[in-house]
Amino acid sequence: MPQPQGAELEAVRARRAELKERYLVGAAKRPASTVQGVHHLALICRDVEETIRFYQELLGFPLVELVENRDYAGSSHFFFDIGNNNLLGFFDFPGHDHPDFTETIGGVQHLALSTSPEEFAAARERLDAAGIDYLGPDRGVENSLYLRDPNGVGLEFYCEKLGFFEGEPLLSS
C-alpha cells in the first residue's frame, strides 16, 4: 500500500495534530466510559474445526462455548477465552459464499493481544514449530509479532501491559 510522502505526508501529520488538540482529553479530565468493556468480538470463519484447532491448539485460547447461532439456522457461534474476562467469538455461515479476507474500510486490520514476555517467546516458538509465517519482532518493532489466522484475520501478539502503549499508560486503573 503506498504511503503519503512530501507535502501530502505533512498535511496528514498536521491534520492528526489538529485532531489530537481538539479531541484528546487528558486522564485527569477524561470521563469514565459508558460501557464496561469488550464482551466479545464477533468474526466470521471459513471452517469451524480449522478455526478451533488454530486458536485452541496452536495459540492456547481455550474454547469455552460452541452453540448454534440464534440468528442464522445451521450457523455455529463459538467463543474463545482471550484472558481478562474477554472473549473472541466466531460465526460460520454454511451455504453463504463469503469472499476471502480483504483489508478495507470497516474491516478488522488486526487484533492486538497483550502478552507477557514469557508467553510472547512461547507463541513465537509454537508458530515456528508449526511453520506459520509472521512478521516481527525482527523488523524493528521488538515487542510485536504479526500473523494472520486461517480466515485472514490479522493478529498481533503485543508484549505490553493492558492499557499501555509503547510503555506509556493510556488508561488509569
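Going by the structure above, here's the rest.
The sections below set out a description of the structure shown in this document. Only a predicted model underlies this, so the values are computations on that prediction, with no experimental measurement involved.

### Quick word on the overall build of the protein chain
Then, in step 1: Each helix and strand in the protein chain was counted, giving three helices and nine strands.
Then, in step 2: Starting at the N terminus and walking to the C terminus, you meet the elements of the protein chain as α-β-α-β-β-β-β-α-β-β-β-β.
Then, in step 3: When its C-alpha atoms are laid out on the principal axes, the protein chain stretches across 50 × 40 × 35 Å.
Then, in step 4: Of all 173 residues assigned to the protein chain, the portion counted as buried reaches 27%.
Then, in step 5: Restricting the contact set of the protein chain to residue pairs at least 6 apart, pairs at least 24 apart contribute 48%.
Then, in step 6: As presented, the protein chain carries roughly 12,300 Å² of accessible surface, and 53% of it is formed by carbon and sulfur atoms.
Then, in step 7: One finds the centroid of the 15 positive side-chain charges in the protein chain at a distance of 10 Å from the centroid of its 28 negative side-chain charges.

### Observations concerning the pairing of strand β5 (residues 111–114)
Then, in step 1: With burial as the criterion, only one face of β5 is covered, namely that bearing Leu-111 and Leu-113; the residues Ala-112 and Ser-114 on the opposite face remain uncovered.
Then, in step 2: As paired elements, β5 and strand β7 (residues 154–158) share four bridges and run parallel to each other. Following the sheet pairing, Leu-113 is matched in β7 by Phe-157.

### Re the sheet that holds strand β4 (residues 87–91)
Then, in step 1: Spatially, four strands are ordered β1-β4-β3-β2 in an open sheet, and the strand pairing comes out mixed. Of all the strands in the sheet, the pair left with one neighbour each is β1 (40–44) and β2 (63–68). Geometrically, the sheet is characterised by an average inter-axis angle of 20 degrees between neighbouring strands, direction not taken into account.
Then, in step 2: The pairing of strand β3 (residues 76–81) with β4 spans five bridges and is antiparallel. Bridge pairing in β4 links Phe-80 to Leu-88.

What counts, and where the lines are drawn
The residue numbers shown here count from 1 along each chain, following its written sequence. The predicted nature of this model means local features are confined to residues of pLDDT at least 70 and side-chain atom pairs, given and counted, to a pLDDT of 80 or more, with totals for whole chains, interfaces and linings taken over all residues. Only hydrogens and water are removed before side-chain values are computed, so all heavy atoms of the structure are retained for them. A run of H or I in DSSP counts as a helix once it spans at least four residues, and a run of E counts as a strand once it spans at least two, with each numbered from the N terminus. Three exposure classes are used, based on accessible area relative to the maximum for each residue type with a 1.4 Å probe and protein chains only: buried under 20%, partly exposed in between, and exposed over 50%. For this analysis, residues touch if any pair of their heavy atoms sits within 4.5 Å. Only the protein chains shown count as cover for residues, and all accessible areas are computed by the Shrake-Rupley method using a 1.4 Å probe. For this count, His and the chain ends are skipped, Lys and Arg are scored as positive, and Asp and Glu as negative. In plain terms, the charge of a residue is placed at NZ if it is Lys, CZ if Arg, CG if Asp and CD if Glu. Criterion used throughout: strands pair if DSSP finds at least two bridges between them. For helices, the fitted line uses only the C-alpha atoms of the stretch in contact; every axis is such a line through C-alpha atoms, and the angle between N-to-C directions lies from 0 to 180 degrees.

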